[in-house]
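Listed here are the chains, written in short residue letters.
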There are 2 protein chains.
Amino acid sequence: MTRAFNFCAGPAVLPEEVLAWARNDLLDWQGRGLSVMEMSHRSDEFMGIAHQAEQDLRQLLAIPANYRVLFMQGGASSQFATVPLNLLSEGGHADYVDTGIWSQKGIAEGRRFGDVAEVASARDNGYTAVPDPDQWVLRPGADYLHITPNETIGGLAYPAIPDLGDCPLVADLSSAILSEPLDVSRFGLIYAGAQKNIGPAGLTLVIIREDLIKPMSDCTPAMMSYAIADKNGSMYNTPPTYAWYLAGLVFQWLKQHGGLQAMATLNQRKAGKLYGAIDNSDFYNNPIRPDCRSLMNVPFTLADESLNKAFLAGAEERRLLNLNGHRSVGGMRASIYNAMPEAGVDALIDYMADFEKERA
Amino acid sequence: MTRAFNFCAGPAVLPEEVLAWARNDLLDWQGRGLSVMEMSHRSDEFMGIAHQAEQDLRQLLAIPANYRVLFMQGGASSQFATVPLNLLSEGGHADYVDTGIWSQKGIAEGRRFGDVAEVASARDNGYTAVPDPDQWVLRPGADYLHITPNETIGGLAYPAIPDLGDCPLVADLSSAILSEPLDVSRFGLIYAGAQKNIGPAGLTLVIIREDLIKPMSDCTPAMMSYAIADKNGSMYNTPPTYAWYLAGLVFQWLKQHGGLQAMATLNQRKAGKLYGAIDNSDFYNNPIRPDCRSLMNVPFTLADESLNKAFLAGAEERRLLNLNGHRSVGGMRASIYNAMPEAGVDALIDYMADFEKERA
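Residues numbered from 1 in each chain as written. Chains lettered and ligands numbered in written order. Predicted model: local features only at pLDDT ≥ 70, side-chain atom pairs only at ≥ 80, totals over all residues. Heavy atoms only, no water.

**Remarks on the pattern of salt bridges**
Okay, so step 1: Enumeration according to the criterion identifies 36 salt bridges over all chains in this entry.
Okay, so step 2: Of the charged contacts, one joins Glu109 of chain B and Arg112 of chain B as a salt bridge, the two residues approaching to 3.3 Å between their closest N and O atoms.
Okay, so step 3: Its relative accessible area of 26% is what places Arg112 of chain B among the partly exposed residues.
Okay, so step 4: A salt bridge links Asp115 of chain B to Arg139 of chain B; the shortest N-O distance between them is 3.0 Å. Remark: Arg139 of chain B occurs in the loop between strand E4 (115-121) and strand E5 (145-147) and Asp115 of chain B occurs in strand E4; sequence separation between them is 24 residues.
Okay, so step 5: Using a relative accessible area of 38% as the deciding quantity, one classes Asp115 of chain B as partly exposed.
Okay, so step 6: Among the charged side chains, a salt-bridge network with shared partners connects Arg269, Lys273, Glu342 and Asp346 of chain A. (Salt bridge = Lys/Arg side-chain N within 4 Å of Asp/Glu carboxyl O. Buried < 20%, exposed > 50% of the residue type's maximum accessible area, 1.4 Å probe, protein only. Helix = DSSP H or I, 4+ residues; strand = E, 2+ residues; numbered from the N terminus.)

Quick look at the structure:
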C-alpha cells in the first residue's frame, strides 16, 4: 500500500495509525466478537468508548468543569440554526462577524430565526484580514457574538480571541479545533464539524458553558435542543457511534503525540515552511495579511492561472491530492491539518519549486 | 477471530462480508492512496460511490422514477420534526396511527409543529395487534397519514399496507426497510435510520415522491429541508460519507445475495422458526397476534422473570449477544435483521430449549 498525501479541506486526512487501529478492530473489537459499528450505543462497551473519548477531549483542551461536551449530528450547517434556536432569548438579538464564506452562511441561516446582525466584516479589505475588534460596532445586550476563527475556504484566521466582556462568544471552530491549545473559558459555545481535525464526517462537537443551556423553545426540533442532548448524554436517539469511536481514537493519538502544544509547534512549522515558499516566489501568491494567515488552510494562486490544470495534474502524479481550491473561489488550497505529516508539506514545497522552474 | 451472534436492535449486526470489504479498503480505497472517510464528498471517487449506492438502492426497492432518494442525518428522531416541518401546509393537519413507542415519539414531536392527531391506536388491545384500518377515524383533507410499519421495541408489524386513497402515506420504516420487497408507489414518503438494515448509525434514508417536495418554510432549519437536500444532491453540507459508503456496500451485498425476495424468504424462515420455538413452549411467550408479528424484532418473556439475568448470562457464554429487551419494557428481544445468519437463529433456539430444560 502507498498512502498519498491528501490536502483535502474536509473530509480530510486522518492519522494513519488511527486508521490502522480501526482496521485491526473492524470485525472484532477487542475480542468481543463484533464491530464497534454493530454495538448498541447503550452497551457497556460503547458507553466506555464514548466516556473515554469525552475524558480525553476534556484533557486535551483542558475543558473547565462548567462546560458540557455534546456529540451531535448535522455539521456546522446544522449549528447555524441550532445556535440561534437555543441561545436567542425572546425578543433578543445576536451579533455576527463576517470573515468569509462560512461566517456568511452562519449569518444567513441565523437571520431566519431571529434578530441577527453583521456587526463587522472583512469585506472592505477583500477578506485579507480580520477586522480590528476595536472597530466592531457591537449592539448592547446581545445574547451572543458569533465568530469564525478560521475560515476554511479563504484561509483567514483570527490572530487572537477578541475580548467581549460579558457577551458570550460563540465560535465555529470546525477547521481549527485541536490544532493548538485553546482557552475554552473565553467562549460561551464552541462547535465543530468533525471532518477536519476530529474524525470522519457525520459527527459534530459542541462545547457549551452550562449556564447557556436553556429549556427547549417551542420551535426547536428536539434533536436540535442542547438541553435534550445534554440531559440524555448525547444519546436522545442513536448517535453516530462509529464516528464517535474514531474521534476517540484521534484523541488518543493526539495524547500519544504530545497533545495540543506539540501539534501547535508542528503546525506552525508546517505552515511557516509553506507560506515561506509562497512568499519567496513571484510565481505563487497568498493574499492574506501575515498575522491573519490560517495554519490549517493555505490558499494560493499561480501567477499564470492557465497553468492551474497542469499544476494539479503534476501534483497528482507525485501523489499530492486534492490541492484544488474551493469551487467558489478557484485557485489552489493546501489543507494541512494535524494528520498531514510534515513530509507531505515538504513534498508539496519541492513540487511547487520544480513546477515553477519548469513552467514559470 | 470469532464473530459472535449479535441480536442488538440497533446499531445492529452488519454482513461479515461487508465488514471484510471495508477492512480491506480502510487505509487505501482501490489503490487511490486514501480511505473513503478521507475523501472530499465532491471528489469524483466519492461521487461515484454515492451515485452507485443510490442506483443499487433504486434497483433493490424498484423505486419509481418520480421518487427522490435523500441521504440525510439525525435518524428517525430528526424525521419526527422534519416530516411536519416540510409536509404540513399552512393551517393544514396530519393524522398519525399509534402502534407503540416509536409512533408515540413521532406523534409527540409532530404535535410541536402543527395540528397532528392520533386517529387510531393499538392501546386498547395492549399493543398486540395493529388496529384495523377500517376502524381508523381519519380526518378529511389531511396533508399526510403517518404509520410505523414495524415497531422495533414492541415487535408489532403491519400485516399489509393500508389503502388510504389520495392521502399521502408517510412511514417510519427504520427497522423493516430492505427486509422484503416493498411497493414504494404506495407511499408518499418513507424514512429510515440506517442502523438496522442499511448500515452504521448516523445516516438517514428518505425516499420521497417528488410532488411532495415543497419550498422551505420560514421555521425550517435549512438542514431539515427536503427541497434543500434534494436540490443539492444530499450534499448541502458534508454528508456522513463513510456511512453512505458502507450503506452502498450493504446494497451490493443484498444484490449479490438475491435481493429483497431472497431476503424475504430467509427472514420468513428465520422468524418462523423462532416464533415456532416460542409458541411450542410454555416457558417462553410472545403476546403479539400472529399476523402482526414482526419479522425483524422478536420480543419474548420468560414465564419466570427472575430467571432473566441467568438467561442473558448463559446466552453470552454461547456468544449470543444483546438479547435483553428495550430498557422501557424489559424481557427479551431478538432482532434478526437481514445480516443475522440463519445459524444465529438456530443457535438461539437451541439455547432456549436447553435453558428451559435446565431451569423451567
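Okay, back to it.
**Quick notes on the environment of Pro181 of chain A**
All names here are of chain A.
Okay, so step 1: One can find Pro181 in the loop between strand E8 (169-172) and strand E9 (189-193).
Okay, so step 2: Classification of Pro181 as partly exposed rests on a relative accessible area of 42%.
Okay, so step 3: Remark: the alpha-carbon pair of Pro181 and Val298, spanning 117 residues in sequence, is separated by 20 Å.
Okay, so step 4: With residues up to four places along the chain from it excluded, the contact list for Pro181 reads Leu260, Gln261 and Ala264. (Contact = heavy atoms within 4.5 Å.)

**Description of the relation of the copies chain B and chain A**
Okay, so step 1: Of the transformation superimposing chain B on chain A, the axial component is 0.0 Å and the angular component is 180 degrees, with the fit at an RMSD of 0.0 Å. With respect to symmetry, the two chain copies, as superposed, fit the operation of a two-fold axis. Among all residues of chain B, the one whose C-alpha sits closest to the rotation axis is Arg23 of chain B, at a distance of 2.8 Å. (Least-squares fit on C-alpha atoms with pLDDT ≥ 70 in both.)

**What to know about the packing of aromatic side chains**
All names here are of chain A.
Okay, so step 1: With the rule as written, the count across this model stands at 31 aromatic pairs over all chains.
Okay, so step 2: Both rings, one in Tyr96 and one in Tyr144, keep their centres 5.8 Å apart while their planes meet at 65 degrees; by these two values the pair is edge-to-face. Here Tyr96, found in strand E3 (residues 93-98), pairs with Tyr144, found in the loop between strand E4 (115-121) and strand E5 (145-147); they are 48 residues apart in sequence, far enough to count as distant.
Okay, so step 3: A residue is classified by how much of its surface remains accessible, and Tyr96, at 2% relative accessible area, is buried.
Okay, so step 4: Ring-pair connections join several aromatic residues into one group, and the members of that group are Phe283, Tyr284, Phe300, Phe311, Tyr351 and Phe355. (Phe/Tyr/Trp six-rings, centres within 6.5 Å; stacked < 30°, edge-to-face > 60°.)

**Focus: the nonpolar core**
Okay, so step 1: With 134 residues, the main nonpolar core has Ile177 of chain A together with Ile177 of chain B as its most contacted residues.
Okay, so step 2: Each residue touching Ile177 of chain A, except ones within four places of it in the same chain, is listed here: Leu61, Ile190, Ala192, Asn197, Ile198, Leu205 and Ile207 of chain A. (Core = buried A, V, L, I, M, F, W, Y, C linked by side-chain atoms within 4.5 Å.)

**Topic: helix H1 (residues 16-24) of chain B**
All names here are of chain B.
Okay, so step 1: Among the residues of H1, Val18, Leu19 and Ala22 are the ones counted as buried. In an axial view of H1, the angular spread of the buried residues amounts to 95 degrees, which keeps them on one side of the axis.
Okay, so step 2: Among the structural elements, helix H6 (241-256) are those in contact with the buried residues of H1. (Arc of directions from axis to C-beta.)

**Structural notes on the interface of chain B and chain A**
Okay, so step 1: Taken together, the contacts link 65 residues of chain B with 65 residues of chain A.
Okay, so step 2: For the pair chain B and chain A, the two sides together bury roughly 4800 Å², of which 58% comes from carbon and sulfur.
Okay, so step 3: Among the residues chain B hides against chain A, the three largest losses belong to Leu27, Met37 and Glu38 of chain B. Together they make up 15% of the total.
Okay, so step 4: For Arg3 of chain B, the salt bridge identified is with Glu38 of chain A, shortest N-O distance 2.7 Å.
Okay, so step 5: There are 24 residue pairs in polar contact (both at pLDDT 80 or more) connecting chain B and chain A. (Buried area = accessible area lost by both parts, 1.4 Å probe. Polar contact = N/O pair within 3.5 Å; in protein donor to acceptor, adjacent residues only side chain to side chain.)

**As for the packing of helix H1 (residues 16-24) of chain A against helix H6 (residues 241-256) of chain A**
All names here are of chain A.
Okay, so step 1: Closest axis-to-axis distance for the H1/H6 pair is 9 Å, and the angle between their directions is 130 degrees. When the axis of H1 is compared with that of H6, the two are oblique. As for the relative orientation of H1 and H6, their crossing is right-handed in sense. Here Glu17, Val18, Trp21 and Ala22 of H1 lie close against H6, whose contacting residues are Tyr242, Tyr245, Leu246, Leu249, Val250, Gln252, Trp253 and Gln256.
Okay, so step 2: Residues that form the contact of H1 with H6 fall into these classes: nine nonpolar, two polar and one charged. (Axes fitted to C-alpha atoms, helices over the stretch in contact; angles between N-to-C directions. Parallel < 35°, antiparallel > 145°, perpendicular 65-115°, else oblique. Left-handed = near helix turned anticlockwise from the far one by under 90°. Nonpolar A, V, L, I, M, F, W, Y, C, P; charged D, E, K, R; others polar.)

**As for unusual backbone geometry**
Okay, so step 1: Residue Pro11 of chain A is bonded to the preceding Gly10 of chain A through a cis peptide linkage, with omega at -10 degrees.
Okay, so step 2: With respect to the element layout, Pro11 of chain A can be found in the loop between strand E1 (5-6) and H1.
Okay, so step 3: If you check the backbone angles, Tyr127 of chain B has positive phi at about 60 degrees while not being a glycine.
Okay, so step 4: Take Tyr127 of chain B: it is sitting in the loop between E4 and E5.
Okay, so step 5: A positive phi angle, close to 60 degrees, is found at Asn322 of chain B, a residue other than glycine.
Okay, so step 6: Tracing the sequence through the fold places Asn322 of chain B in the loop between strand E13 (320-321) and strand E14 (332-335).

**Quick look at the sheet that holds E14 of chain B**
All names here are of chain B.
Okay, so step 1: Spatially, E11-E12-E14 is the arrangement adopted by the three strands of the open sheet, whose pairing is antiparallel. Across the chains shown, the open sheet's two edge strands, defined by having one partner strand only, are strand E11 (284-285) and E14.
Okay, so step 2: Examined bridge by bridge, E11 and strand E12 (residues 297-302) share two bridges and lie antiparallel to one another. Across the sheet, Asn285 pairs through a bridge with Thr301, a residue of E12. (Pairing = 2+ DSSP bridges.)

**Some thoughts on the domain arrangement of chain A**
Residue and element names in this part refer to chain A.
Okay, so step 1: The domain boundaries assigned to chain A delineate domain 1 (16-256) and domain 2 (259-359).
Okay, so step 2: Each of domain 1 and domain 2 was reduced to a C-alpha centroid, and the two centroids are 27 Å apart.
Okay, so step 3: Counting residues at the interface gives 27 residues for domain 1 and 25 residues for domain 2.
Okay, so step 4: Across the domain 1/domain 2 interface, buried area totals approximately 2000 Å², and carbon plus sulfur atoms make up 61% of it.
Okay, so step 5: Summed over the shared surface of domain 1 and domain 2, the result is zero salt bridges.
Okay, so step 6: Here domain 1 is connected to domain 2 by ten residue pairs in polar contact (both at pLDDT 80 or more).
Okay, so step 7: Those elements that place two or more of their residues in the side of domain 1 that touches domain 2 are helix H2 (44-61), strand E6 (150-151), strand E7 (156-157) and H6.
Okay, so step 8: For the side of domain 1 that touches domain 2, the element with the highest residue contribution is H6, accounting for three residues.
Okay, so step 9: For the side of domain 1 that touches domain 2, the class distribution of residues is 15 nonpolar, eight polar and four charged. (Domains from an automatic or database assignment.)

**Focus: the sheet that holds strand E14 (residues 332-335) of chain A**
Residue and element names in this part refer to chain A.
Okay, so step 1: Read across the open sheet, the three strands follow the order E11-E12-E14; overall the sheet is antiparallel. Only two strands of the sheet have a single neighbouring strand rather than two, namely strand E11 (284-285) and E14.
Okay, so step 2: Note that strand E12 (residues 297-302) and E14 share four bridges and pair antiparallel. Each residue of the ladder has a partner; that of Phe300, found in E14, is Met332.
Okay, so step 3: The sheet strands contacting helix H7 (residues 259-279) are E11, E12 and E14, and the helix crosses E12 at an angle near 15 degrees.

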